[in-house]
Amino acid sequence: MANNKIAIVTGGNRGLGKSMALHLAKQNTNVVITYNTNEAEANATVAEIENTGGSALALQLNIGNIASLATFAQAVSAAMQQKWNATHFDFLINNAGIGATIPFMQATEEQFDNFMNVHFKGVYFLTQKLVPLMNDGGRIINISSGTTRFCNPGYSIYASMKSAIETFSRYLAKELSEKRIAVNVVAPGAIETDFNNAFVRNNPQVKSMIAANTAMGRTGVPEDIGGIVAFLCSPEAGWINAQRIEATGGVWL
Ligand SMILES: NC(=O)c1ccc[n+]([C@@H]2O[C@H](COP(=O)([O-])OP(=O)(O)OC[C@H]3O[C@@H](n4cnc5c(N)ncnc54)[C@H](OP(=O)(O)O)[C@@H]3O)[C@@H](O)[C@H]2O)c1
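These numbers come from a predicted model, not from an experiment.

Student: Looking at this model, I keep getting lost on the site of the ligand. Mind explaining?
Tutor: The environment of the ligand is formed by 30 residues, the closest being Gly11, Gly15, Ala96, Gly97 and Phe195. The greatest single-element share of the shell around the ligand, amounting to three residues, is contributed by helix H1 (residues 15-26). For the shell around the ligand, the residue count by class is 13 nonpolar, 15 polar and two charged.

So this is what it looks like as structure tokens:
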């Protein structure tokens, strides 16, 4: 039975976002997932949620296209109205992202701008466009990365944008306090997804090197993260605010 809460998970068709969407649906939250290009995969994720008694819908979003974000917010509004007869939602999970290994001396301005738009400017202005559609007492969870604490060569652009998201999150928690919206960061470590051409999943040497440097003795899987995000959207987590929660199994301690 639905609890009448609604979550938006950007990049919810695969990887970490899919696990978040499935866990949120399991706690009876209606879910809007977004995809950029993989519409069929998004529809399959919606079907997986609905086949197990949940309720979900999928919308296209290119978060790096800043000019499209106001139109996306209108699409969210219309879709929520149509599917759930709702005008507002409760949880925003800014998860969508891209990865690449780009050594500092080879980085181009185009790559920098692409990462900035997807990982920082897009998240900033998408949140600005969506907050008016959020219920008071909602939650925002921004997905960062362990690489803001430790250094992974080739991630200077990516990790810098994630650091910006962490600072942004604390400001959001302060500025949205009138609406009592809690804002937290989840910072995963290396997870076996398609991210950065499945760099972790498809690379046994990288996997064993990371496992050897992780207290839990392995690399992460999407299921390690989805439940954490769902917990942060639960009533029990309401007193957690403006925190960076690292979920890496204890890597490079
Ligand atoms: N995997 C890791 O090791 C790891 C570690 C720390 C943090 N993270 C962070 O966790 C988040 C999810 O990563 P993941 O591993 O699940 O990645 P993933 O498996 O590669 O999935 C990326 C997701 O983001 C969407 N996306 C990509 N570009 C987009 C754009 N321009 N606009 C809107 N959506 C876009 C994709 O949609 P389509 O499928 O339609 O393209 C897909 O749903 C990212 O923010 C990433 O930085 C990942």
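Continuing now.
Student: Could you clarify how one ought to interpret the environment of alanine 237 in this entry?
Tutor: Structurally, the position occupied by alanine 237 is in the loop between helix H8 (223-232) and strand S7 (244-247). Distance from alanine 237 to alanine 211, taken between C-alpha atoms, is 30 Å for residues 26 residues apart in sequence. With residues near it in sequence (within four places) discarded, alanine 237 still touches Phe231 and Leu232.

Student: Explanation requested: H8 in the structure shown.
Tutor: Each α-helix turn comprises 3.6 residues. Residues three or four places apart therefore point the same way. Where H8 is concerned, the buried positions are Asp224, Ile225, Gly226, Val229, Ala230 and Leu232. Structurally, H8 contributes buried residues whose contacts are with H1, strand S4 (89-94), strand S5 (134-143), strand S6 (182-188) and S7.

Student: When you look at the nonpolar core in this model, what are you seeing that I'm missing?
Tutor: A general tendency of soluble globular proteins is for nonpolar side chains to be buried together. Core analysis: the biggest nonpolar cluster contains 62 residues, and Ala7, Met20, Ala21, Val31, Ile33, Ile93 and Val229 have the highest contact counts within it. Those residues within four positions of methionine 20 in sequence are excluded, and the remaining contacts are Val9, Gly12, Ile93, Asn95, Ile225, Gly226, Val229 and Ala230.

Student: Honestly, the packing of helix H4 (residues 109-130) against helix H5 (residues 156-175) in this entry has me stumped. Any pointers?
Tutor: Each pair of packed helices can be described by the angle between their axes along with the distance between the axes. The interhelical angle for the contact between H4 and H5, taken along N-to-C directions, is 15°, at an axis separation of 9 Å. Relative to H5, H4 is oriented roughly parallel. Crossing geometry of H4 relative to H5 is assigned as right-handed. Taking contact as the criterion, the partners of Gln111, Phe112, Phe115, Met116, His119, Phe120, Val123, Tyr124 and Thr127 in H4 are, on H5, Ile157, Tyr158, Met161, Lys162, Ala164, Ile165, Phe168 and Leu172. Looking at the contact of H4 with H5, its residues break down into 13 nonpolar, three polar and one charged.

Student: I tried to follow unusual backbone geometry on my own but got confused; where do I start?
Tutor: For residues besides glycine, phi is generally negative; the peptide bonds are generally trans as well. Positive phi, close to 50°, is recorded for asparagine 196, a residue that is not glycine. Positive phi, close to 50°, is recorded for alanine 198, a residue that is not glycine. Judged by local crowding, alanine 198 falls into the partly exposed class, with 13 C-beta atoms found within 10 Å.

Student: Could you clarify how one ought to interpret the sheet that holds S6 in this entry?
Tutor: As a general point, the strands of a sheet are linked pairwise by backbone hydrogen bonds and lie either parallel or antiparallel. Taken in spatial order, the seven strands line up as S3-S2-S1-S4-S5-S6-S7 in an open sheet, and their pairing is parallel. Two strands lie at the open edges of the sheet, namely strand S3 (56-60) and S7, each paired on one side alone. Across the sheet, the axes of successive neighbouring strands diverge by a mean angle of 20°, strand direction being ignored. Where S4 lies against S5, five bridges are found, and the strand directions are parallel.

What counts and how
- Residues numbered from 1 in each chain as written.
- Predicted model: local features only at pLDDT ≥ 70, side-chain atom pairs only at ≥ 80, totals over all residues.
- Near = placed C-beta within 6 Å.
- Helix = DSSP H or I, 4+ residues; strand = E, 2+ residues; numbered from the N terminus.
- Nonpolar A, V, L, I, M, F, W, Y, C, P; charged D, E, K, R; others polar.
- Contact = placed C-beta atoms within 7 Å.
- Buried ≥ 20, exposed ≤ 12 C-beta atoms within 10 Å, placed from the backbone.
- Core = buried A, V, L, I, M, F, W, Y, C linked by C-beta atoms within 7 Å.
- Axes fitted to C-alpha atoms, helices over the stretch in contact; angles between N-to-C directions.
- Parallel < 35°, antiparallel > 145°, perpendicular 65-115°, else oblique.
- Left-handed = near helix turned anticlockwise from the far one by under 90°.
- Pairing = 2+ DSSP bridges.

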